[in-house]
Amino acid sequence: MRLNVQVMTDILAGNDRVAGENRELFRRQGVYVLNLLGSPGAGKTMLLEQTISRLKDVINMVVIEGDLYTQKDAERIARHGVPAVQINTDGGCHLDAAMIAQTLERMDLTGVELLIVENVGNLVCPAEFDVGEDEKAVVLSITEGADKPLKYPLPFRQAAATVLNKIDLLPFTDVDLTAVQTDIVSLNRDIRIFAVSCRSGEGVESWCDWLQEQVKGKQNHAGKIGNRKMEETR
């Protein structure tokens with residue numbers, strides 16, 4: 001048992017080192033990076049499609065798609081006119097920092113303001129692996145059941161935002177939306193929660209407004225650092 005713990009510790013330490021290198025690259029480029037987590041079928045890709053349709057003309061964005069085997073999600077994103085690169089893990093349950101680093105070698109981040117990483121569908125493994133993102137967000141479909149945040153607390157504790165998707169289906173479930181929100185806040189009192197329907201578009205505008213704020217905050221921070229360095233060289 002101790003050997004397994006040590007192996008996992010070594011894996012995470014190596015991953016964190018590469019994630020730090022990725023984060024430094026994103027800092028230099030002024031790119032805000034969001035790691036999007038959620039179960040299979042939660043609606044991550046549809047949320048991206050709704051987000052792109054609203055923001056692609058005001059924010060220069062790219063997407064990295066994580067999936068076990070297919071190119072389907074990247075193809076869906078590319079149809080909306082946004083560059084998308086697919087990473088296939090060949091059965092792996094998450095993306096890691098090294099996968100992102102290898103993908104970045106093939107990407108031109110010049111002028112990019114927002115990079116969204118849609119992680120492999122899973123509420124467990126992806127939360128363990130930092131990829132160099134600024135923040136995480138979790139998509140949870142209300143059809144998954146009200147118990148999921150407390151059963152899988154780690155991603156909700158780490159995330160800056162949770163998107164509760166498929167609220168148009170609430171009348172057909174026994175889910176208490178307020179109770180779900182209360183459970184999430186009990187895990188992370190600073191988290192932002194957005195109740196949306198990616199099919200109808202309800203609530204997506206507020207999510208997009210928040211995302212724009214995050215991008216602008218990264219740009220403002222990068223600008224302050226740049227100005228400070230210029231002053232130091234005078």
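Residues numbered from 1 in each chain as written. Predicted model: local features only at pLDDT ≥ 70, side-chain atom pairs only at ≥ 80, totals over all residues. Heavy atoms only, no water.

1. Notes on the sheet that holds strand S4 (residues 114–118)
By way of backbone hydrogen bonds, the strands of a sheet pair with one another, either parallel or antiparallel.
For step 1, the next point in the chain: Here seven strands make up an open sheet; going across it, the order is S3-S2-S4-S1-S5-S6-S7 and the pairing parallel. Unpaired on one side and paired on the other, strand S3 (84–88) and strand S7 (192–195) mark the two borders of the sheet. Ignoring strand direction, the axes of neighbouring strands in this sheet form an average angle of 20°.
For step 2, the next point in the chain: For strand S2 (residues 61–67) and S4, the ladder comprises five bridges, and the chain directions are parallel. Residue pairing in the sheet places Met61 in a bridge with Leu114 of S4.
For step 3, the next point in the chain: Its contacts with the sheet put helix H2 (residues 44–55) on strand S1 (32–38), S2, S4, strand S5 (135–141) and strand S6 (161–165), and the angle it makes with S2 is roughly 170°.
For step 4, the next point in the chain: Across the face of the sheet, helix H7 (residues 177–187) comes into contact with S5, S6 and S7 while running at roughly 160° to S6. (Pairing = 2+ DSSP bridges. Helix = DSSP H or I, 4+ residues; strand = E, 2+ residues; numbered from the N terminus. Axes fitted to C-alpha atoms, helices over the stretch in contact; angles between N-to-C directions. Contact = heavy atoms within 4.5 Å.)

2. Notes on the pairing of S1
For step 1, the next point in the chain: Within S1, seven of the seven residues are buried, leaving the element largely enclosed by the surrounding structure.
For step 2, the next point in the chain: When S1 meets S4, the two strands line up parallel, connected through five bridges. Note that in S4 the partner of Val33 across the bridge is Leu115.
For step 3, the next point in the chain: Bridge count between S1 and S5: five bridges; the pairing is parallel. Counted as the bridge partner of Leu34 is Glu135 from S5. (Buried < 20%, exposed > 50% of the residue type's maximum accessible area, 1.4 Å probe, protein only.)

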